[in-house]
Amino acid sequence: RRKSLASPDFPMSSSTERMSAESPHPEAIERRDVQFAGRVQGVGFRYTTRQIAARFDVTGFVQNLPDGSVRLVAEGRESELDRFVAAIRDEMQRHIATVTIDPSPATGEFDHFSIRL
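Note that the structure is predicted; figures quoted are calculated from it, not measured.

## Observations concerning the packing of aromatic side chains
All chains considered together, the criterion is met by four aromatic pairs. Centre to centre, the rings of Phe36 and Phe45 are 5.0 Å apart; their planes meet at 55°, and the pair counts as tilted. Across the pair, exposure class does not vary: Phe36 and Phe45 are buried alike. Ring geometry for Phe84 against Phe113: centres 5.7 Å apart, planes inclined by 85°, an arrangement best described as edge-to-face. Of this pair, Phe84 sits in helix H2 (residues 78–92) while Phe113 sits in strand E7 (residues 113–116); the two residues are 29 residues apart in sequence, bridging distant segments of the chain. Grouping residues by exposure puts Phe84 and Phe113 together as buried. An aromatic cluster of at least three residues, connected via ring pairs, comprises Phe56, Phe84 and Phe113. When the ring centre of Phe61 is taken as reference, the NZ or CZ atom of Arg116 above it lies at 3.7 Å.

Take a look at the structure:
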């Protein structure tokens, strides 16, 4: 289910599970396809996102789209993805007009986080 957001609070869906270091209970692994719109190209958005990703246990990519928006595809534990997207929003908020997040089951196709051209 796709959601457009004005805040970092949004529902999650789960797919696979992974044990969290903080908790003995498994935490769902999911995928987020996020589109950031606004003045998000030409401002270091992708490079900043890659730097932020290094602080989180996430994999995936960030790329510019032809319509002027930026697409982020990330996989990880739900709580890690929440913090990751919130950190991007906090750091780049002056450039972001809207954020659309589409959660889905993780595919496990990524082994690192990168910038796609």
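## Considering the pairing of strand E4 (residues 59–64)
With five of six residues buried, E4 is to be regarded as a mostly interior element. Pairing of E4 with strand E5 (residues 70–77) involves six bridges; the strand directions are antiparallel. If you follow Val62 over to E5, its bridge partner there is Leu72. Between the end of E4 and the start of E5, which pair antiparallel, lie five residues, with Gly68 showing a positive phi angle near 95°. As defined by bridge partners, E4 adjoins E7 across four bridges and the pair is classed as parallel. In the strand pairing of E7, Gln63 is matched with Arg116.

## Description of the pattern of salt bridges
According to the stated counting rule, one finds eight salt bridges in the structure shown. Residues Asp33 and Arg71 are paired through a salt bridge, measuring 2.6 Å at the closest nitrogen-oxygen approach. Highlighted residues: Asp33 in strand E3 (residues 26–38) and Arg71 in strand E5, separated in sequence by 38 residues. A relative accessible area of 25% places Arg71 in the partly exposed class. Put simply, Asp57 and Arg77 hold a salt bridge, and the shortest N to O gap is 3.3 Å. With a gap of 20 residues between them, Asp57 in the loop between helix H1 (45–53) and E4 and Arg77 in strand E5 connect regions that are remote in the sequence.

## Description of H1
Along H1, the positions that sit buried rather than exposed are Phe45, Arg46, Thr48, Thr49, Ile52 and Ala53. The arc that holds the buried residues of H1, viewed along the axis, is 160°, so those residues lie on one side.

## Points about the environment of Asp102
Mapped onto the elements, Asp102 comes out in strand E6 (residues 96–105). Distance in space between the C-alpha atoms of Asp102 and Arg31 is 8.3 Å, their sequence separation being 71 residues.

## Describing the side chain of Ser69
Structurally, the position occupied by Ser69 is in the loop between E4 and E5. If sequence neighbours within four positions are ignored, Ser69 has contacts with Gln35, Phe36, Ala37, Val40, Gln41, Gln63 and Asn64.

Thresholds applied
- Residues numbered from 1 in each chain as written.
- Predicted model: local features only at pLDDT ≥ 70, side-chain atom pairs only at ≥ 80, totals over all residues.
- Heavy atoms only, no water.
- Phe/Tyr/Trp six-rings, centres within 6.5 Å; stacked < 30°, edge-to-face > 60°.
- Buried < 20%, exposed > 50% of the residue type's maximum accessible area, 1.4 Å probe, protein only.
- Helix = DSSP H or I, 4+ residues; strand = E, 2+ residues; numbered from the N terminus.
- Lys NZ or Arg CZ within 6 Å of the ring centre and 35° of its normal.
- Pairing = 2+ DSSP bridges.
- Salt bridge = Lys/Arg side-chain N within 4 Å of Asp/Glu carboxyl O.
- Arc of directions from axis to C-beta.
- Contact = heavy atoms within 4.5 Å.

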